[in-house]
Amino acid sequence: MKRSPAASLLARLMPVLATTAVFIAGFLICSAAYPNFASLRVVMNLLTDNAFLGIVAVGMTFVIISGGIDLSVGSVIGFTTVFLALAIERWGFPPLLAFLVILAVCAIFGAAMGAVIQYFELPPFIVTLAGMFLARGVSFLLSTESIPITADLYSHLADHAVRLGGGARLTVPAMIMLAVVLGGMVLLHLTRFGANVYALGGSRTATGLMGINVPRTTVAIYTLSSVLAGLAGIVFSLYTSSGYSLSAVGVELDAIAAVVIGGTLLSGGYGFVFGSFLGVLIQGLIQTYISFDGSLSSWWAKIATGLLLFAFIAFQQLTLHLARRPRRRPRLATAGAAP
Amino acid sequence: MQSPDPLAAPAATADPSPPLLDVAGFSKSFAGFVALDGVNFTLRHGEIHALLGENGAGKSTLIKAMTGVVQRDGGTLHLEGEEIAPRSAAEALKAGIATVYQEVNLAPNLSVAQNLFLGRQPTRFGLVREREMRRRAEALLYEFGLAIDVGAPLESYSVAIQHIVAIARAVDQSARVLILDEPTASLDAHEVEVLFAVMRQLTARGIGIVFVTHFLDQVYAVCDRITVLRNGRLAGTAPIAALPRIELVKLMLGRELSRATSARPMASAASVEPPVAVFEGYGKAGYVAPFDLSLHAGHVVGLAGLLGSGRTETVRLVFGAEKADCGTARAGEGAVAVGSPREAMRLGFGYCPEERKTEGIVAELSVRENIVLALQARRGPLRPLSRREQDEIAAKFIRLLDIRPPDPSRPIGLLSGGNQQKALLARWLATVPRLLILDEPTRGIDVGAHAEIIKLIRDLCAEGMAMLVVSSELEELVTYADEVVVLRDRAHVARLRGEEISVPSILAAIAEAPASAALPA
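Residues numbered from 1 in each chain as written. Chains lettered and ligands numbered in written order. Predicted model: local features only at pLDDT ≥ 70, side-chain atom pairs only at ≥ 80, totals over all residues. Heavy atoms only, no water.

### Examining the overall build of chain B
Turning to step 1, where the next piece is worked out: The helix and strand tally for chain B stands at 18 helices and 22 strands.
Turning to step 2, where the next piece is worked out: Every one of the 521 residues in chain B was classed for burial, and the buried ones make up 55%.
Turning to step 3, where the next piece is worked out: In chain B, the share of contacts with a sequence separation of at least 24, taken over all contacts with a separation of at least 6, comes to 68%.
Turning to step 4, where the next piece is worked out: Accessible area for chain B stands at about 21,100 Å²; split by element, carbon and sulfur atoms hold 54% of it. (Helix = DSSP H or I, 4+ residues; strand = E, 2+ residues; numbered from the N terminus. Buried < 20%, exposed > 50% of the residue type's maximum accessible area, 1.4 Å probe, protein only. Contact = heavy atoms within 4.5 Å. Areas by Shrake-Rupley, 256 points an atom, 1.4 Å probe, with all protein chains shown as cover.)

Below you can see the structure in the form of structure tokens.
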């Protein structure tokens with residue numbers, strides 16, 4: 001009478017499989033429309049162009065699975081780029097030291113938001129919204145202009161890439177993103193911390209009653225999200241070789257869209273890092289299609305993302321509904337017949 | 001302090017070995033309300049001890065005080081002779097006292113294995129050893145007679161299995177005392193049997209179980225001793241064999257057979273009056289067994305039974321707050337559907353629920369606004385009551401029911417329980433109902449207000465209103481009811497009329513063992 005583990009695994013993976021199918025279908029459509037689309041070079045550019053988004057999406061996945069939301073990540077990216085530009089160009093920090101300092105600042109920022117959410121029992125939405133305004137405001141305070149970064153490390157890192165032939169280059173930002181995705185998968189799916197994140201999203205009170213340190217886990221989740229936003233900021237500054245207080249406006253919403261398209265439930269408890277990665281790639285794919293076309297307005301990317309979001313949310317509700325159908329009676333017999 | 005209780009003393013001296021858990025003189029007050037008053041409770045190794053009592057008896061406060069969820073005002077707690085003072089559920093668990101609540105406190109989205117081992121999963125290099133964890137989970141559940149896929153999410157299993165998983169988790173964390181708070185409320189007969197088998201198996205290992213339930217049959221099926229609380233005090237403790245059903249019911253309700261019958265007038269005219277509403281074969285599977293009920297003008301029908309026996313469920317069906325799935329309802333001439341409270345209100349039904357705080361009053365709104373709420377709802381948003389009409393209605397009922405303080409603009413949440421109850425009554429009286437349903441109208445209100453509410457019920461009835469009243473206060477029912485329906489295990493089991501109505505006859509009907517020992521299915 002056991003339900004086969006394979007079947008239950010399939011049910012859990014359903015949203016991610018759907019996202020994968022959409023990505024493959026999208027890629028095939030693009031390739032059919034533009035013969036030179038299906039190349040390693042386009043794929044590698046997809047990774048590079050969306051590296052910063054992929055990194056924040058991993059952090060956002062943890063936050064959303066735990067039942068929260070982090071609206072501050074876009075502002076944190078903006079703040080990070082401005083801070084780096086000033087630190088390296090004006091204050092004479094060596095770039096690596098500047099990276100360490102900004103990551104530490106971001107960690108403190110995220111921990112503070114997590115602590116406020118936990119101890120003042122405030123909704124994450126409001127707390128991180130405040131964090132969003134705060135980080136954006138401080139970056140304007142630092143500088144309102146776009147500051148180019150001319151440090152050697154930056155030009156060196158920009159050139160450094162693994163050449164894959166056919167003009168395809170695996171760049172440093174892409175490598176960082178892939179490493180973060182892999183690391184995020186391990187942390188979320190294979191550690192105690194990851195299980196606690198899921199448990200928080202399933203039932204916060206129950207998690208506390210099971211003896212899990214809920215405050216520590218909450219603080220850790222928002223710290224992780226802010227640190228990854230800081231890392232995304234570093235990658236963004238590498239990508240643009242500049243710091244600007246208006247950079248990455250609205251990226252938090254792109255990240256949330258990627259996470260949801262990737263099959264993570266906004267109400268928490270269910271989701272996969274890999275799905276969010278695919279969600280980022282799907283958004284990138286839409287952008288790339290529009291730039292290939294040349295005549296389409298870039299706003300079509302927003303429209304397509306919006307439609308995809310609707311479709312995925314509807315699909316999730318449907319699968320959830322099917323998965324939660326009561327299976328009481330057959331289960332019963334199992335319990336009774338056992339020794 | 002419990003010396004006057006004859007049942008407690010012999011039970012305590014009969015066993016020379018030190019008890020597993022010893023609660024002595026627990027007291028707890030909430031803002032002046034005494035929830036526990038010097039309660040003693042002992043749990044022995046390997047026994048299943050039923051903790052019983054009606055609503056507000058102090059069961060849940062006692063459990064929360066034992067597990068550190070609320071801090072007691074006085075008393076000591078010893079676990080195997082050692083004094084402990086847990087300050088949270090986690091600390092109590094560490095000490096060896098685990099609680100499994102009716103709503104399973106596990107993460108429904110995680111796998112069964114993760115739920116069993118959350119926070120203490122086997123790891124290597126910081127990574128959870130999934131296969132090892134599943135192996136251990138399977139081995140652990142096998143001891144409880146469960147062979148299930150531990151990799152599947154918990155929510156894909158029935159509540160019974162979720163309960164067993166919660167128990168297994170607690171026991172595996174070396175719990176010596178297991179508190180089961182109404183675990184059977186949502187289980188069917190077969191699932192209850194499975195749970196009982198698990199409980200018996202645990203007692204064989206020396207674990208002591210505190211079992212809270214409403215189902216007396218289950219108490220007699222599985223428990224060794226019974227402790228009854230009433231109004232925050234210990235009403236008695238006794239081995240199961242020394243406490244027959246009728247004595248137990250008396251302990252729970254606090255009634256003595258001697259102070260019994262009140263001579264009551266036979267309401268002869270009532271049955272001649274045309275019925276306001278008639279329900280035939282009305283019921284809902286898994287909620288209340290089908291029943292017949294006819295409600296006449298000027299006639300009070302009382303519903304008696306223990307907590308959880310189906311009284312509130314019956315009135316919720318009658319009022320349409322819950323949809324019946326069988327039977328017919330007739331009001332006036334023809335058949336009607338009472339599928340929602342709106343329809344019930346259109347038929348002239350009014351309902352004062354038991355949970356005044358959560359289902360009745362809107363605490364932030366004024367007395368006036370609370371009173372006109374139902375009338376306004378019935379008129380619809382397009383015909384608003386003018387402020388003057390509202391004032392008139394409020395003033396009239398404040399005067400009529402003597403609501404204090406007589407200030408219609410005061411937020412109702414600031415009134416005493418009795419006055420809130422009167423304002424709720426006023427809300428329905430303002431709609432001039434043909435049938436008024438009251439669920440525990442005198443619960444939690446002081447003695448003076450008690451008498452006033454009872455007088456009100458009689459007066460209203462005399463004016464030709466049909467009434468359906470749920471009450472645990474049997475003496476009250478006896479004084480005003482023309483007919484008493486007795487419920488047990490979610491079925492109407494007896495109907496007493498006129499002279500048949502007395503406290504002993506109601507008690508006897510409640511306590512009567514069902515013909516078959518079958519559990520509620």
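### Considerations on the sheet that holds strand 9 (residues 177–181) of chain B
All names here are of chain B.
Turning to step 1, where the next piece is worked out: Reading across the sheet, the 6 strands line up as 6-9-10-3-11-12 and stay open at both edges, with mixed pairing between neighbours. Both edges of this open sheet fall to strand 6 (97–100) and strand 12 (233–239), since each of them pairs with a single strand only. With direction set aside, neighbouring strand axes in the sheet form an average angle of 20°.
Turning to step 2, where the next piece is worked out: Its contacts with the sheet put helix 2 (residues 59–66) on strand 3 (48–52), strand 6, strand 9, strand 10 (208–212) and strand 11 (225–230), and the angle it makes with strand 3 is roughly 130°. (Pairing = 2+ DSSP bridges. Axes fitted to C-alpha atoms, helices over the stretch in contact; angles between N-to-C directions.)

### Here's the deal with the confidence of the model for chain A
Residues and elements named next belong to chain A.
Turning to step 1, where the next piece is worked out: A residue-level look at chain A finds 92% of positions with pLDDT of 70 or above and a mean pLDDT of 88.
Turning to step 2, where the next piece is worked out: Here helix 15 (residues 328–337) is the element of chain A with the lowest mean pLDDT, 38, and helix 3 (residues 51–65) is the one with the highest, 97.
Turning to step 3, where the next piece is worked out: Contacts for the low-pLDDT stretch residues 326–339, under 50 throughout, to residues beyond four places or in other chains number 34 contacts. (pLDDT = per-residue confidence, 0-100.)

### A short note on the sheet that holds strand 20 (residues 466–470) of chain B
Within a beta sheet, neighbouring strands are joined by backbone hydrogen bonds and run either parallel or antiparallel to one another.
All names here are of chain B.
Turning to step 1, where the next piece is worked out: Taken in spatial order, the 6 strands line up as 18-19-20-15-21-22 in an open sheet, and their pairing is mixed. Strand pairing shows two members of the sheet lacking a second neighbour, strand 18 (349–352) and strand 22 (491–497), which therefore form its edges. On average, each strand axis in the sheet is inclined to that of its neighbour by 15°, with strand direction left out of account.
Turning to step 2, where the next piece is worked out: Pairing of strand 21 (residues 483–488) with strand 22 involves 6 bridges; the strand directions are antiparallel.

### Let's talk about the nonpolar core
Turning to step 1, where the next piece is worked out: Among the nonpolar cores identified, the biggest contains 240 residues, and Ile167, Leu178, Phe279, Leu468 and Ile506 of chain B are the most heavily contacted of them.
Turning to step 2, where the next piece is worked out: Counting residues per element, this core draws most heavily on helix 3 of chain A, at 12 residues.
Turning to step 3, where the next piece is worked out: Discounting residues that sit within four places of it in the chain, leucine 178 of chain B has contacts with Ala98, Val100, Ile167, Ala170, Val171, Leu202, Ile207, Gly208, Ile209 and Val210 of chain B.
Turning to step 4, where the next piece is worked out: If you look at the next biggest cluster of nonpolar residues, it comprises 26 residues, including Phe41, Ala57, Ala92 and Val212 of chain B. (Core = buried A, V, L, I, M, F, W, Y, C linked by side-chain atoms within 4.5 Å.)

### Considering the pattern of salt bridges
Close approach of charged atoms allows side chains of opposite charge to pair.
All names here are of chain B.
Turning to step 1, where the next piece is worked out: Inspection of the entire model under this criterion finds 22 salt bridges over all chains.
Turning to step 2, where the next piece is worked out: Here glutamate 322 ties to lysine 284 by a salt bridge, and the two come within 3.0 Å at their closest N and O atoms. With glutamate 322 in the loop between helix 10 (311–318) and strand 16 (326–331) and lysine 284 in strand 13 (residues 275–284), this pair connects stretches of sequence that are 38 residues apart.
Turning to step 3, where the next piece is worked out: On the basis of relative accessibility, which here comes to 24%, the residue lysine 284 falls in the partly exposed class.
Turning to step 4, where the next piece is worked out: Several salt bridges share partner residues, and in doing so they unite Glu132, Arg135 and Arg136 into one network. (Salt bridge = Lys/Arg side-chain N within 4 Å of Asp/Glu carboxyl O.)

### Structural notes on the environment of serine 75 of chain A
Residue and element names in this part refer to chain A.
Turning to step 1, where the next piece is worked out: Along the chain, the position of serine 75 falls in helix 4 (residues 73–90).
Turning to step 2, where the next piece is worked out: With 177 residues separating them in the primary sequence, serine 75 and glutamate 252 have C-alpha atoms 8.2 Å apart.
Turning to step 3, where the next piece is worked out: In contact with serine 75, other than residues within four places in its own chain, are Met132, Ala135, Arg136 and Glu252.

### Thoughts on the side chain of asparagine 109 of chain B
Turning to step 1, where the next piece is worked out: With respect to the secondary-structure elements, asparagine 109 of chain B resides in the loop between strand 6 and helix 4 (112–117).
Turning to step 2, where the next piece is worked out: Here asparagine 109 of chain B falls in the buried class, since its relative accessible area comes to 1%.
Turning to step 3, where the next piece is worked out: There is a polar contact of 2.7 Å between the side chain of asparagine 109 of chain B and the backbone oxygen of glycine 269 of chain A.
Turning to step 4, where the next piece is worked out: Dropping the residues within four chain positions of it, asparagine 109 of chain B is found in contact with Arg12, Tyr198, Gly201, Gly202, Gly269 and Tyr270 of chain A together with Pro153 and Glu155 of chain B. (Polar contact = N/O pair within 3.5 Å; in protein donor to acceptor, adjacent residues only side chain to side chain.)

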